[in-house]
Amino acid sequence: QVQLVESGGGLVQAGGSLRLSCAASGRGFSINAMGWYRQAPGKQRDLVATIVSGGSTNYADSVKGRFTISRDNAKNTVFLQMNSLKPEDTAVYYCNAPLVLWGKRYDAWGQGTQVTVSS
């Protein structure tokens, strides 16, 4: 079993900051890329940011310059620092990790954490 455990969501005012974290735990797996997605009510789940083990990152245009993704490879943990939050950032944020578990490929997802930005 592999679990992605997220934390850090909450309610903040516009302009505030939050840091999300997601730790992958279990046995017999390896991870290259990790990422964050978000889904607002009535909308599709969209990519927010990704990071590979070597440190290369990719961001959605809507969050560039405001969000920063990072990771601790030793702990299989990915972070999302969210600054200058806007009401339109309100969504459920999901951690994602395409991984290899006992030699097989899986697409693992966290449980989702609610981020609400008030105006």
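Scope of this entry: the structure provided in the associated data block. Predicted model only: the values in this text are computed from it and were never measured.

Description of the overall build of the protein
Here is step 1 of the chain: Helices and strands together make up the secondary structure of the protein, namely zero helices and 12 strands.
Here is step 2 of the chain: On C-alpha atoms alone, the protein measures out to a radius of gyration of 14 Å, which is about the 14 Å that the 2.2 N^0.38 rule sets for 119 residues.
Here is step 3 of the chain: The proportion of buried residues among the 119 residues of the protein is 39%.
Here is step 4 of the chain: Restricting to contacts in the protein with at least 6 residues of sequence separation, those with at least 24 account for 54%.
Here is step 5 of the chain: Carbon and sulfur atoms form 47% of the exposed surface of the protein, whose accessible area is close to 6,500 Å².
Here is step 6 of the chain: The centroid of the 12 positive side-chain charges in the protein is displaced by 6 Å from the centroid of its 7 negative side-chain charges.

Remarks on the nonpolar core
Within soluble globular proteins, side chains that are nonpolar tend to cluster in buried spots.
Here is step 1 of the chain: Ranked by internal contacts, the top residues of the largest apolar core, which has 33 residues, are Trp-36, Leu-80, Met-82 and Tyr-93.
Here is step 2 of the chain: With six residues, strand 10 (residues 91-101) is the single largest residue contributor to this core.

Let's talk about the state of the cysteines
Here is step 1 of the chain: One pass over the structure, following the stated rule, counts one disulfide.
Here is step 2 of the chain: The disulfide partner of Cys-22 is Cys-95, and the S-S distance across this bridge is 2.1 Å. In this structure, the disulfide formed by Cys-22 and Cys-95 twists by about -80 degrees around the S-S bond and is classed as left-handed. Note that Cys-22 is positioned in strand 3 (residues 18-26) and Cys-95 in strand 10, a separation of 73 residues in sequence. Each member of the pair, Cys-22 as well as Cys-95, carries the same accessibility label: buried.

Some remarks on unusual backbone geometry
Here is step 1 of the chain: Even without a glycine there, the phi angle at Asn-76 is positive, about 50 degrees.
Here is step 2 of the chain: Looking at the secondary structure, you find Asn-76 in the loop between strand 8 (67-72) and strand 9 (77-82).
Here is step 3 of the chain: Even without a glycine there, the phi angle at Ser-84 is positive, about 50 degrees.
Here is step 4 of the chain: Inspection of the secondary structure puts Ser-84 in the loop between strand 9 and strand 10.

Details of the sheet that holds strand 3
Here is step 1 of the chain: Strand order in the open sheet formed by four strands is 1-3-9-8, with antiparallel pairing between adjacent strands. At either margin of the open sheet sits one strand with a lone partner, and together these are strand 1 (2-7) and strand 8. The mean inter-strand angle of the sheet, taken between neighbouring strand axes irrespective of direction, is 15 degrees.
Here is step 2 of the chain: Across six bridges, strand 1 lies against strand 3 in antiparallel orientation. Directly across from Glu-6, in strand 3, lies its bridge partner Cys-22.

About the cut-offs
- Residues numbered from 1 in each chain as written.
- Predicted model: local features only at pLDDT ≥ 70, side-chain atom pairs only at ≥ 80, totals over all residues.
- Heavy atoms only, no water.
- Helix = DSSP H or I, 4+ residues; strand = E, 2+ residues; numbered from the N terminus.
- Rg over C-alpha atoms; globule rule 2.2 N^0.38 Å.
- Buried < 20%, exposed > 50% of the residue type's maximum accessible area, 1.4 Å probe, protein only.
- Contact = heavy atoms within 4.5 Å.
- Areas by Shrake-Rupley, 256 points an atom, 1.4 Å probe, with all protein chains shown as cover.
- Lys, Arg positive; Asp, Glu negative; His and termini not counted.
- Charge placed at Lys NZ, Arg CZ, Asp CG, Glu CD.
- Core = buried A, V, L, I, M, F, W, Y, C linked by side-chain atoms within 4.5 Å.
- Disulfide = S-S within 2.5 Å.
- Pairing = 2+ DSSP bridges.
- Axes fitted to C-alpha atoms, helices over the stretch in contact; angles between N-to-C directions.

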